[in-house]
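Fold and geometry: a report
So you can see what is in the structure, the chains are spelled out below.
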Amino acid sequence: MNYFSSDFKLGILGGGQLGKMLLFDTRKFDIQTYILDPSDEAPSKIACNKFFKGDLMDFDTVYNFGKQVDVLTFEIELVNLEALEKLESEGLKVYPSPKTLRKIQNKGTQKDFYTQHNIPTAAYQRFSNLENLKLEMSKQQVAIELPFVWKCTEFGYDGNGVKVIRQIADLDSLPNVECIVEQMIPFKNELAVIVCRNPSGEIKTYPVVEMEFHPEANQVEYVICPARIDATVAEKARAIALNVSEKFNHVGLLAVEMFQTVDDEIIVNEVAPRPHNSGHYSIEGSFTSQFENHLRAILDLPLGNSESKVAGIMVNLVGEEGFSGDVVYENIETILGWNGVTPHIYGKKQTRPFRKMGHVTIVNENMAEARRIAEDVKNTIRVISK
């Protein structure tokens, strides 16, 4: 099939910032793109060939959208699986496959998958809802001791739906939804590896990255590539990510988030079957960005070089506490004068506390210098409102 400057149509479910960044590469290759998103203000709207407003969880909306395209992908996991399955059964290429997504979309099912395939992960228990969890705790039927990590199994994103429970009273503020509780893992680092695979079986991994999180928002503040870890630990992380990828049998990108324990063991936290925040540094830092390789993979084209040109650090730009409304990127002009610093603004008109509004990539041959500049960027830009 000729994808370039042709009648071929790529459909993308979701029109957020991930879709917008993916569209940079579809435009580079002159590939037609259709976007479906529930918001008229979706960041991707300005860059696609056709934009459709609609509910990603509605069967008919997703099915009818899929009938208009030649290959279908997604930039968010919260989509109607039954519609994807029907489209795939009718011959449409859907990547990653709904079979893969069904194992990932629910975090409880995802954890069960790790256990069934002997993939190292934190001890956990599943509960039908919060009330059931409280009841089992009152009967001392919960095997995991306080403190533990509570996660809702669906609809969590950007740190929402995750909370550290230090005492039983902490449960009172949580929603009464299906959830899991996980053992707290003493760890040195939070790591991630992005694996890219095309239908022909070609596979590449990006270098291991290190993630530094905001202590309150549970969001990534910095992504550091390469991770500042021993080579043996990095190889172990990449090997485990490859094993996870093989077991899920995915096509496209799979971001595997992991913990490096105090004993240098690697355990899997969770995965995302799409471009991921941990790979944004690759736009400037890698020979082939995660977005271009996702596109190459789902079109079954040869994969690009996933190694880094130089050290890369990504700084997330999130809405500052105390500010909501029309967004202002205070002092952004200042960082534009710094070498190796590139801002990416997502196109969201409204800011609110901790909302992801953009990111900044810092590339430098010296990792220590890149990290210093990243700190300066973080302390210079403020995402506030008018």
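Structural data are supplied above this passage.
The structure contained in this document is the topic of the report that follows. (Residues numbered from 1 in each chain as written. Predicted model: local features only at pLDDT ≥ 70, side-chain atom pairs only at ≥ 80, totals over all residues. Heavy atoms only, no water.)

**A closer look at the side chain of Thr361**
The following threshold applies: To qualify as a helix, a DSSP run of H or I must reach at least 4 residues; to qualify as a strand, a run of E must reach at least 2; elements of each kind are numbered from the N terminus. Only protein chains enter the accessibility calculation, which uses a 1.4 Å probe. A residue is then buried if its area is under 20% of the maximum for its type, exposed if over 50%, and partly exposed in between. In the analysis that follows, any N or O atom pair within 3.5 Å is treated as a polar contact, provided that within protein one partner can donate a hydrogen and the other can accept it, and provided that, for residues neighboring in sequence, both atoms belong to side chains. A contact between two residues is defined here by any heavy atoms of the two lying within 4.5 Å.
In this structure, Thr361 sits in strand β20 (residues 356–364). What makes Thr361 buried here is its relative accessible area of 1%. Engagement of the side chain of Thr361 in a polar contact is seen with the side chain of Glu284, the distance being 3.1 Å. Excluding residues that lie within four positions of it along the chain, Thr361 makes contacts with His280, Tyr281, Glu284, Ile313, Gly340, Val341, Thr342 and His344.

**Overview of the sheet that holds strand β6 (residues 124–127)**
Strand pairs in the sheet, formed through backbone hydrogen bonds, run parallel or antiparallel to each other. Quick note on the threshold: Whether two strands pair depends on DSSP finding at least two bridges between them. Throughout, an axis means a line fitted to C-alpha atoms (over the contacting stretch in the case of helices), and angles, computed between N-to-C directions, take values from 0 to 180 degrees.
Taken in spatial order, the four strands line up as β6-β9-β7-β8 in an open sheet, and their pairing is antiparallel. Strand pairing shows two members of the sheet lacking a second neighbour, β6 and β8 (162–165), which therefore form its edges. For this sheet the average axis-to-axis angle between neighbouring strands, irrespective of direction, equals 20 degrees. Here β6 pairs with strand β9 (residues 179–183) via four bridges, running antiparallel. Residue Gln125 lies in a different strand from β9, and its bridge partner there is Val181. Along the sheet, helix α5 (residues 107–116) contacts β6, β7 (148–152), β8 and β9; its crossing angle with β6, the most-contacted strand, is approximately 140 degrees.

**Observations concerning the environment of Arg197**
Mapped onto the secondary structure, Arg197 falls in strand β10 (residues 187–197). For the pair Arg197 and Asn293, spaced 96 residues apart in the sequence, the C-alpha separation amounts to 8.8 Å. Not counting residues up to four positions away in its chain, the partners in contact with Arg197 are Glu202, Ile203, Ser245, Glu246, His250, Val251, Gly252, Ala297 and Leu303. Engagement of the side chain of Arg197 in a polar contact is seen with the backbone oxygen of His250, the distance being 3.5 Å.

**Here's the deal with the sheet that holds strand β1 (residues 9–13)**
Here five strands make up an open sheet; going across it, the order is β3-β2-β1-β4-β5 and the pairing parallel. Only two strands of the sheet have a single partner each, and these edge strands are β3 (50–53) and β5 (93–94). Here four bridges tie β1 to strand β4 (residues 71–74), and the two strands are oriented parallel to one another. Each bridged residue has a counterpart across the sheet, and for Leu13 the counterpart in β4 is Phe74.

**A look at the pairing of β20**
Most of β20 sits inside the fold, with seven of its nine residues counted as buried. Summarising the sheet, strand β16 (residues 311–318) and β20 pair through eight bridges and their orientation is antiparallel. Bridge pairing in β20 places Val315 opposite Val360. Relative to β20, strand β18 (residues 341–345) is paired through five bridges, and the arrangement is antiparallel.

**Observations concerning the packing of aromatic side chains**
Threshold: The aromatic pairing rule takes the rings of Phe, Tyr and Trp, using the six-membered ring of Trp, and pairs them if the centres are within 6.5 Å, calling planes under 30 degrees apart stacked, those over 60 edge-to-face and the rest tilted.
In total, this model carries nine aromatic pairs according to the counting rule given. Summarising the aromatic geometry, the rings of Tyr3 and Phe4 are spaced 6.3 Å apart at their centres and angled 85 degrees between planes, so their arrangement reads as edge-to-face. For Tyr3, a relative accessible area of 10% puts it in the buried group. Taking 5.7 Å as the distance between ring centres and 75 degrees as the angle between the ring planes, the aromatic pair formed by Phe52 and Phe65 counts as edge-to-face.

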